[in-house]
Structure formats: C-alpha cells, structure tokens
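Fold and contact review
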Amino acid sequence: MRAAVLHEIGQDKLEVLDDVEAIGFGPGKVRIRVRATGLCHSDVSAMNGVLPQPAPFIPGHEGAGEIIEVGDNVSGLTVGQRVLVCWLPACGACPACKRGQTQLCLAGFMNAGTPNFKRPGGDVFGFAGTGTFTEEVVVDAGCAVPIPDDVPFDIAALIGCGVTTGLGAAINTADVAAGSSVAVIGCGGVGISAIQGARLKGAAQIVAVDPVASRREAALTFGATEAVAPDGLADAKQRITAGEGFDYVFEVVGKSVTARTAYENTRRGGTLVVVGAGAMDDNLQLNMFELFFDEKRILPSMYGGGDVLTSYERTIALWRAGRIDLESLITHRVPLAEINEALDQMRTGSALRTCIEI
C-alpha cells in the first residue's frame, strides 16, 4: 500500500512509497482504511525533531476513514463503520483516567514506541502510535471513534486533533468568561479553533495575532474582532485594555519567545493558556517576583484539556447547529502523492488546514 515516509529525523521531505504494510493486527485492534487526514503542525515538529518520535516513521495523526477489519475482543466496532482516529485514547484504568483527566492518559504514548508498519527494509513507526499519511493503519480499538454518517471524513479528521485542541483550550481549559478580552497568538487551524471557542463563550474582544496576512484576514471571518501582525499587539493591548493586558491570551505557536510575549500581554490576575507543543530544550523564563506579584494563571492545555470523546460529541453538535465553521478551515486539498506540497503550504502559512485525500 501507499504511505508517506520520513526516513530520518531532520529531513524536510516525505517519500511516498507503495511497499508499506500495516502490521500488528490482532486481538483488541482494528484496521482502518484512511479516507482523509489533516496536516497538523505537530507532524512537522516530529519531522524536525522538536517532538520526540522514532524514525523511520509515517506522519499523520488527524485522520478519519472506515473500519475494514476488527480483531477479537473488540466490542462496539464493526466492519464498514465510519470512524475518526483518536491519537490519545484513554485506557480508563490509570490514575489520570480515574481522576477524570483522560487527556493526560499515557497509554496512547506507549504505542509510539512500537512499529505498526513495515517495509522490505525493516520496521516503520506511525507518528503518535497512529500514522495516517497512508491508505491503511492498524491501531488499538480505542483509537477508532465512531462518527455519525452525516459527518464527512474531512470534517471528522479535523475534529480528531486541531479543532478539539483549539476549541477545548477556550471552553475547557480557560473557560473564557462572557464579555472578556482575548488575544490568540498563532492563527493556524488550532488558533482559529481557539478563536471560535472564545466567540462561543461570549468574549467581547478577540484579537488574532499572526505574521501571515492571509491568516489574519481569515481570523476575522471566524470571530476575531480584529487581527494584527505581532508588531501590532502592543498597540492593540493599549487601545483595548488601556495597557492593562488581556483577560486571556492563548499561545498557539509552541515557542518560549511567543509564550513570553503572551505572558507580558496577559493582565495581572489574567490567564495565559499554553496550547502550542514545543521542544524540551526551549525554556520559558519567568522570575519569581513577577510570578508571585502578577498572579497570572498559566494553564497548559493538552488536547483541549478535557475528555476527548465528550469534546468530539460537543464539536459535532456545534457544527451541525452552525455554531462553528469547520468547512472553511480546510483551505487546501491535495492527494497523498502531493504531500510535500501540503508541507510547503504549512511552512509558508498559506494554509489554515490542508486535507490530504487518500
């Protein structure tokens, strides 16, 4: 079967091969025919080594398709069923799950170290234990979440990561207060979803911050009340908050420099939400006096900061009701053979989300 493979960490191009086989099928597993997958910035971060991932590997974790084979001891899933891929399934038994923090379950991460593909030359890993830049993938049954028939595969794929992450950061993690002021730094697919979440929660002012003009323009159509380049954030802070700072600032880039900017633009007693996934050696510097004196809440948000199955259902309900726009998030579509074009679209910032149609 065809799949897009990264041979070594640090390479910036994927090779589309037709000699890949999905392996590991057995009890507790399902085989999925992937129909659509989104390109998430985390895929690129894994390719360049920012996020740890063994290689060679197949990127992709934001996918949807249909089940073509069901292993023994699997209940609730059948051949032909439409599903989205959950890259962080909850085991239900660990301390995090028992506390109700299923987004912190580590069971899914354990899968990342086990190859789920192979080629004539050896084993191949799937990113985050999945790997959806391929025609078929074998995953734990918990990774396959049934979706209603009226949800298109491309929309379901977005719900599998980017939309859930961004919406959840605003709704679950921050619990944005009605009438508040918000700034979102980084307006790709996740940042735009955070903007939509802040709008749903009733934020009065939502400032989108991004260096790419097309993304700033798009942010305005999704609910931002204004959009500025990074060098315009200080002026927006002065005009909107009289220099005090925003009630909520979302950092959706994953770099210490933007996290520091987000902290400085959060008002005293306000909330900084860290959504971007960054590198382990990129340290955010805060001095102990400001940490104490400013009393700013710093809230990391992992996968939307809540139970993902509940978040999926909520997102579908909001989409059906026309309360959120998911179709317009997909600004580009490419076949798997042109995956490197999708990577270029992400790196230049020309795409909010590119859908790879398989």
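Everything that follows concerns the structure shown earlier in this document.
Residues numbered from 1 in each chain as written. Predicted model: local features only at pLDDT ≥ 70, side-chain atom pairs only at ≥ 80, totals over all residues. Heavy atoms only, no water.

Ser256, Thr258, Ala259, Ala262 and Tyr263 are the residues of helix α9 (residues 256-264) that are buried. Axial view of α9: buried residues confined to an arc of 160°, hence all on one face. The secondary structure elements touched by the buried residues of α9 are β12 (181-185), β15 (246-251), β16 (266-274), α10 (288-294) and β17 (297-300). (Buried < 20%, exposed > 50% of the residue type's maximum accessible area, 1.4 Å probe, protein only. Helix = DSSP H or I, 4+ residues; strand = E, 2+ residues; numbered from the N terminus. Arc of directions from axis to C-beta. Contact = heavy atoms within 4.5 Å.)

Further remarks concern the sheet that holds β17. On the basis of which strands lie adjacent, the open sheet formed by six strands has the order β14-β13-β12-β15-β16-β17 and parallel pairing. Lying at the two open borders of the sheet, with one neighbouring strand each, are β14 (226-228) and β17. Strand-to-strand, the axes of this sheet are offset by a mean angle of 20°, without reference to chain direction. The sheet contacts of helix α6 (residues 189-200) involve β12 and β13 (205-209), and relative to β13 the element is tilted by about 175°. (Pairing = 2+ DSSP bridges. Axes fitted to C-alpha atoms, helices over the stretch in contact; angles between N-to-C directions.)

Next up on the list: the sheet that holds strand β5 (residues 57-58). Sheet strands pair by backbone hydrogen bonding; their relative direction is either parallel or antiparallel. Taken together, the four strands give an open sheet; going across it, the order is β3-β8-β9-β5, and neighbouring strands pair in mixed fashion. Because the sheet does not close on itself, it has two edges, and the strands there are β3 (21-22) and β5.

Bringing the nonpolar core into the picture now. Nonpolar side chains in soluble globular proteins generally cluster together in the buried interior. Judged by nonpolar contacts, the single largest core of 98 residues is most densely connected at Val30, Phe133, Val182, Ile195, Phe250 and Ile356. The dominant element in this core, judged by the number of residues it contributes, is helix α4 (residues 153-159), at six residues. Each residue touching phenylalanine 250, except ones within four places of it in the same chain, is listed here: Ala169, Ala170, Ala174, Val176, Val182, Ala183, Val184, Ile185, Val273 and Val275. Counting 12 residues, the second largest nonpolar core, distinct from the first, contains Val207, Val209, Ala236 and Tyr263. (Core = buried A, V, L, I, M, F, W, Y, C linked by side-chain atoms within 4.5 Å.)

Attention now goes to the environment of alanine 227. The topology assignment puts alanine 227 in strand β14. Under the relative-accessibility criterion, alanine 227 is labelled partly exposed at 25%. Sequence separation between alanine 227 and isoleucine 206 is 21 residues; the distance between their C-alpha atoms is 8.4 Å. Apart from residues no more than four positions distant in its own chain, alanine 227 is found in contact with Ala208, Arg216 and Leu220.

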